Structure formats: structure tokens, C-alpha cells
Amino acid sequence: MKILERGMAEGCFRQIDPFLTTLHIIGVCNLYFNAYENIKHTRPDLQLLSPEMIEQHTQAAVKFILGGMRRTGD
């Protein structure tokens, strides 16, 4: 939450609720792994827990999260 608060104070992030945003970030990061047993059948051609897929998930999650936090027009 302190990182979010600092980002808002420095003008990097739009005004958001730091607590709720922290919960949303945790959700985005953890869902992939917690839902693995339920989603693995949707793409049996992919090894969802391989290092490459985890890296792809990580990069996509970072872009998704930052996209929602950046100030409009940046």
C-alpha cells in the first residue's frame, strides 16, 4: 500500500483506494495459480506452470495492473 500511496503522491498513479487496489493486485497475481486445476483443461496444449508461461503471466499481470493505475493521458 505504501508503494501505491507514494505513486499517487508523486503523480505517477491516479487517485485510487490503496487497500482495495492492493487486494486487486493480489487477486490478479494469485488467481492464475489458485485456479490452475479449473483452467488447465481450457488449453491442454499449454504447460501453464512452466517457467515460460509463468513469465508470460507475470508480464501480462504487470501491464494489466499498471494500465489501471496510471494517470489518464500518460
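For clarity, every value in this text was computed on a predicted model and none was experimentally measured.

Asker: Is there a simple way to explain the packing of helix α2 (residues 18-34) against helix α4 (residues 51-69) in this structure?
Answerer: Packing of α2 against α4 leaves a shortest axis separation of 10 Å and a crossing angle of 160 degrees. Taken together, α2 and α4 sit at an angle that is classed as roughly antiparallel. Judged by the sense of rotation from one axis to the other, the crossing of α2 with α4 is right-handed. Taken together, the residues of α4 that come into contact with α2 (itself represented by Thr21, Ile25, Val28, Cys29, Tyr32 and Phe33) are Met53, Ile54, His57, Ala61, Phe64, Ile65 and Met69. Across the contact of α2 with α4, the residue classes break down as 11 nonpolar, two polar and no charged.

Asker: Is there a simple way to think about the packing of helix α1 (residues 2-9) against α2 in this case?
Answerer: When two helices pack together, their arrangement is given by the angle between the helix axes and by the axis-to-axis distance. It is at 9 Å that the axes of α1 and α2 come closest, and there the two elements cross at 120 degrees. Classified by the angle their axes make, α1 and α2 are oblique. Relative to α2, the crossing made by α1 is right-handed. Side by side, α1 and α2 meet where Leu4, Glu5 and Met8 of the first sit next to Pro18, Thr21, Thr22 and Ile25 of the second.

Asker: Teacher, can you tell me more about the pattern of salt bridges here?
Answerer: A pair can form between side chains of opposite charge whenever their charged atoms are brought close. If you walk through the whole model with that rule in mind, you get two salt bridges. Of the charged contacts in the structure, one is a salt bridge between glutamate 37 and lysine 40, with a shortest N-O distance of 2.8 Å. We classify glutamate 37 as exposed; its relative accessible area is 53%. The class for lysine 40 is partly exposed, based on a relative accessible area of 35%. In this structure, aspartate 45 engages arginine 43 in a salt bridge whose closest nitrogen and oxygen atoms are separated by 2.8 Å.

The rules behind the values
- Residues numbered from 1 in each chain as written.
- Predicted model: local features only at pLDDT ≥ 70, side-chain atom pairs only at ≥ 80, totals over all residues.
- Heavy atoms only, no water.
- Axes fitted to C-alpha atoms, helices over the stretch in contact; angles between N-to-C directions.
- Helix = DSSP H or I, 4+ residues; strand = E, 2+ residues; numbered from the N terminus.
- Parallel < 35°, antiparallel > 145°, perpendicular 65-115°, else oblique.
- Left-handed = near helix turned anticlockwise from the far one by under 90°.
- Contact = heavy atoms within 4.5 Å.
- Nonpolar A, V, L, I, M, F, W, Y, C, P; charged D, E, K, R; others polar.
- Salt bridge = Lys/Arg side-chain N within 4 Å of Asp/Glu carboxyl O.
- Buried < 20%, exposed > 50% of the residue type's maximum accessible area, 1.4 Å probe, protein only.

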